[in-house]
Amino acid sequence: MELYGAIEAGGTKFLCAVGTGPGDLRAVVRIPTTTPEETLGRVVAFFRGFRSELRAIGVGAFGPLDLNPNSPAFGTIPTTPKPGWSGVNLLKPLQEAFRIPIRLETDVNAAALGEGCWGAAQGLETFVYLTVGTGIGGGAIVHGRLLHGALHPEMGHIRIPHDRERDPFPGVCPFHGDCLEGLASGPALEARWGQSPESLPEDHPGWELEAEYLALGLIDILCVLVPERIILGGGVMQNRSLFPRIRWWVKELLKGYLPAPVLRGDLDDYIVPPALGDQAGLLGALALAMDKAPLG
Ligand code: ZN
């Protein structure tokens, strides 16, 4: 039996699983993110139980991450507000414990890969997965390949117009204040309105502003990559009423420019939720382990 390992490494939990595909995810465990030693120790212990069958492990991790295989810091988290995790190498403990390929990507690039292989972006060559939750981050597949430059993309930190008279909220990003993440992430909603996104009523005016900000961010991504589809995941997007509002704002802001057929009509098939739901990241890590490409 050949099995593949998947790790979705997040700031609050590490989800680990072994399997061979979306219909065969077994032994899923949830390990709370505590100290790096304890957390990674428990991750290694989990996979040891499958040692003889395991062929490779894929990791989709919070970042920023050093993903350059030629860098001496390959596999490390250079800086993170998560206490104790700056400078931690995520790959090393796994490489030392298992002599199999360990593949690492950002959580959002992994989620994009998962959606491309088995979810809402099957058959597409160029698409974006954006998560809107405790942070905002985007992964992109361009011409069938995960997009990296000198670093992986950091789409949550693009700058968008911010009218401080209408919305005096300064933003929550520790680096930029009012970048997209600073204005539209879950913590930004909570800080601005004094209520968590889950408890904010659906008819609260905050949602219209949220849709406008997210649409402004999407316009930037759209004009640069012209993806064939945009998938919006993450906790904040659990409010499904955001989807029609965001589509409306994107149409409004584009003004009919970008005459691509996919951008005609109501955008119902263009800006969509993840088909894999909250398993996009974990299944993406599995796709990474299986060395899958989104177009098969
Ligand atoms: Zn920022």
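Computed from a prediction, not measured in an experiment: that's the story for all the values here.

### Things to note about helix H8 (residues 280-289)
So, step 1. Within H8, 10 of the 10 residues are buried, which leaves it mostly tucked inside the rest of the structure.
So, step 2. Among all positions in H8, only Ala 280, Gly 281, Leu 282, Leu 283, Gly 284, Ala 285, Leu 286, Ala 287, Leu 288 and Ala 289 are buried.
So, step 3. Phi for Asp 291, located one or two positions after H8, is positive at around 55°.

### Some words on the sheet that holds strand E5 (residues 102-106)
So, step 1. Spatial strand order, E3-E2-E1-E4-E5: 5 strands in an open sheet with mixed pairing. Single-partner strands in this sheet number two, and they are strand E3 (24-32) and E5. Here the average twist between neighbouring strands, direction ignored, is 15°.
So, step 2. Pairing of strand E1 (residues 3-9) with strand E4 (residues 54-61), which is carried by 7 bridges, proceeds in the parallel orientation. Each residue of the ladder has a partner; that of Tyr 4, found in E4, is Ala 56.
So, step 3. Along the sheet, helix H1 (residues 36-48) contacts E1, strand E2 (13-21), E3 and E4; its crossing angle with E2, the most-contacted strand, is approximately 20°.
So, step 4. Seen against the sheet, H8 touches E1, E2, E3, E4 and E5 and runs at an angle of roughly 135° to E1.

### Let's talk about the domain arrangement of the protein
So, step 1. Taken domain by domain, the protein consists of domain 1 (3-107 + 279-289) and domain 2 (120-273).
So, step 2. Taken together, the contact pairs 7 residues of domain 1 with 6 residues of domain 2.
So, step 3. Ranking the residues of domain 1 by area buried against domain 2 places Pro 64, Glu 105 and Thr 106 at the top, with a combined share of 50%.
So, step 4. Connecting domain 1 to domain 2 are 0 salt bridges.
So, step 5. At the junction of domain 1 and domain 2, the tally comes to 2 residue pairs in polar contact (both at pLDDT 80 or more).
So, step 6. Contributing elements (two or more residues each) for the side of domain 1 that touches domain 2: E5 and H8.
So, step 7. A per-class count over the side of domain 1 that touches domain 2 returns 5 nonpolar, 1 polar and 1 charged.

### So, the pattern of salt bridges
So, step 1. Inspection of the entire model under this criterion finds 10 salt bridges.
So, step 2. Among the salt bridges present, the one from Arg 166 reaches Glu 212, with a minimum N-O distance of 2.6 Å. A residue pair is termed long-range when its members are at least 10 positions apart, and Arg 166 in the loop between strand E8 (145-146) and helix H4 (180-184) and Glu 212 in helix H6 (residues 205-225) qualify at 46 residues.
So, step 3. Each of Arg 159, Arg 164 and Asp 178 takes part in a single network of salt bridges with overlapping partners.

### Some words on the coordination of the zinc ion
So, step 1. Within the protein, the atoms that donate to the zinc ion are His 157 (ND1), Cys 173 (SG), His 176 (ND1) and Cys 179 (SG), at distances of 2.1 to 2.3 Å.
So, step 2. Coordination geometry of the zinc ion: the 4 donor atoms subtend angles of 104 to 117° at the metal centre, consistent with an arrangement described as tetrahedral.
So, step 3. When the donor residues of the zinc ion are listed from N- to C-terminus, their spacing reads H-x15-C-x2-H-x2-C.
So, step 4. Residue class for Cys 173 comes out buried when judged on its relative accessible area of 6%.

### Comments concerning the sheet that holds strand E9 (residues 229-233)
So, step 1. The mixed open sheet is built from 5 strands, whose spatial order is E8-E7-E6-E9-E10. At either end of the open sheet lies a strand with only one pairing partner, and these are E8 and strand E10 (271-272).
So, step 2. In the sheet, strand E7 (residues 136-142) pairs with E8 via 2 bridges, with the strands oriented antiparallel. Counted as the bridge partner of Ile 141 is Leu 146 from E8.
So, step 3. Against the sheet, helix H3 (residues 107-118) contacts strand E6 (127-132), E7, E8 and E9, and its axis sits at roughly 50° relative to E7.

### Structural notes on unusual backbone geometry
So, step 1. In this chain, Gly 63 is followed by Pro 64 through a cis amide linkage whose omega measures 5°.
So, step 2. Among the secondary structure elements, Pro 64 is positioned in the loop between E4 and helix H2 (92-97).
So, step 3. Although it is not a glycine, Lys 255 adopts a positive phi angle of roughly 55°.
So, step 4. Relative to the elements of secondary structure, Lys 255 occurs in the loop between helix H7 (242-254) and E10.
So, step 5. The exposed category is assigned to Lys 255, whose relative accessible area is 65%.
So, step 6. Look at Leu 267: it is not a glycine, yet its phi comes out positive at around 65°.
So, step 7. For Leu 267, the position within the fold is in the loop between H7 and E10.

Calculation criteria
- Residues numbered from 1 in each chain as written.
- Predicted model: local features only at pLDDT ≥ 70, side-chain atom pairs only at ≥ 80, totals over all residues.
- Heavy atoms only, no water.
- Buried < 20%, exposed > 50% of the residue type's maximum accessible area, 1.4 Å probe, protein only.
- Helix = DSSP H or I, 4+ residues; strand = E, 2+ residues; numbered from the N terminus.
- Pairing = 2+ DSSP bridges.
- Axes fitted to C-alpha atoms, helices over the stretch in contact; angles between N-to-C directions.
- Contact = heavy atoms within 4.5 Å.
- Domains from an automatic or database assignment.
- Buried area = accessible area lost by both parts, 1.4 Å probe.
- Salt bridge = Lys/Arg side-chain N within 4 Å of Asp/Glu carboxyl O.
- Polar contact = N/O pair within 3.5 Å; in protein donor to acceptor, adjacent residues only side chain to side chain.
- Nonpolar A, V, L, I, M, F, W, Y, C, P; charged D, E, K, R; others polar.
- Donors = N, O, S within 2.8 Å, 3.2 Å for Na, K, Ca; no water.
- Tetrahedral: all angles 85-135°; square planar, octahedral: opposite > 155°, others 65-115°.

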